[in-house]
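Each chain, letter by letter, is given below.
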Amino acid sequence: MTEREIIVEMRDILNRVRAIGPCLDGNLLANKTNRYTKKDGSVSVYPAPPVLQYRVGPGKRRSRRVPAGKVAEIGRLLEAGRLYRGLMERYTALAAELALSPKKKKP
């Protein structure tokens, strides 16, 4: 790939990133269940509220409960975050290729 092609693709990636809008980087745990053992020994199983786990720094994560009405919106934000991560990985690879490409020497 020539330097010009790399730069054009990098600009295209940045335009697509700007078009994504708000996004989240994390996981939505929506299928969890809680167990409760009663005094008589029987076990009750009930669905737990959805939990969003998100990144707050390098190697640090936090979690929040998500109201039932907001699960679809959080899912869209997480999908946008996955798209953003994929685009930025490609951008990083192109930047590395551009940085390591041999420069033409002027005579």
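The sections below set out a description of the structure shown in this document. None of the values given here were measured: they were computed from a predicted structure.

Thresholds, definitions, all that
- Residues numbered from 1 in each chain as written.
- Predicted model: local features only at pLDDT ≥ 70, side-chain atom pairs only at ≥ 80, totals over all residues.
- Heavy atoms only, no water.
- Axes fitted to C-alpha atoms, helices over the stretch in contact; angles between N-to-C directions.
- Helix = DSSP H or I, 4+ residues; strand = E, 2+ residues; numbered from the N terminus.
- Parallel < 35°, antiparallel > 145°, perpendicular 65-115°, else oblique.
- Left-handed = near helix turned anticlockwise from the far one by under 90°.
- Contact = heavy atoms within 4.5 Å.
- Nonpolar A, V, L, I, M, F, W, Y, C, P; charged D, E, K, R; others polar.
- Salt bridge = Lys/Arg side-chain N within 4 Å of Asp/Glu carboxyl O.
- Buried < 20%, exposed > 50% of the residue type's maximum accessible area, 1.4 Å probe, protein only.
- Expected span 1.5 Å × (residues − 1).
- Arc of directions from axis to C-beta.

### A few points about the packing of helix 1 (residues 3-20) against helix 2 (residues 71-100)
1) Next: Across the interface, helix 1 lies against helix 2 with an axial gap of 10 Å and an inter-helix angle of 160 degrees. The angle between helix 1 and helix 2 places the two elements in the roughly antiparallel class. Considering how the two elements wind past one another, helix 1 and helix 2 form a crossing that is left-handed. Taken together, the residues of helix 2 that come into contact with helix 1 (itself represented by Glu3, Ile6, Ile7, Glu9, Met10, Ile13, Leu14, Arg16, Val17 and Ile20) are Ala80, Leu83, Tyr84, Leu87, Met88, Arg90, Tyr91, Leu94, Ala95, Glu97 and Leu98.
2) Next: Residue composition of the contact of helix 1 with helix 2, by class: 16 nonpolar, no polar and five charged.

### Re the pattern of salt bridges
1) Next: According to the stated counting rule, one finds six salt bridges in the structure shown.
2) Next: Arg90 is the partner of Glu9 in a salt bridge, and the nearest nitrogen-oxygen pair spans 3.0 Å. Linking Glu9 in helix 1 with Arg90 in helix 2, this pair joins segments that are 81 residues apart in sequence.
3) Next: Judged by relative accessible area, Glu9 falls into the partly exposed class, the value being 22%.

### A short note on helix 1
1) Next: Between its first and last C-alpha atoms helix 1 spans 26 Å; for 18 residues at 1.5 Å apiece the expected length is 26 Å, and the two agree.
2) Next: Residues of helix 1 that are buried: Ile6, Met10, Ile13, Val17 and Ile20. Buried residues of helix 1, viewed axially, fall in a sector of 70 degrees; they line one side. Pointing more than 90 degrees away from the buried face of helix 1 are the exposed residues Arg4, Arg11, Arg18 and Ala19.
3) Next: Turning to helix 1, the residues buried within the fold contact helix 2.
4) Next: Looking one or two residues beyond helix 1, the residue adopting positive phi is Gly21, at roughly 85 degrees.

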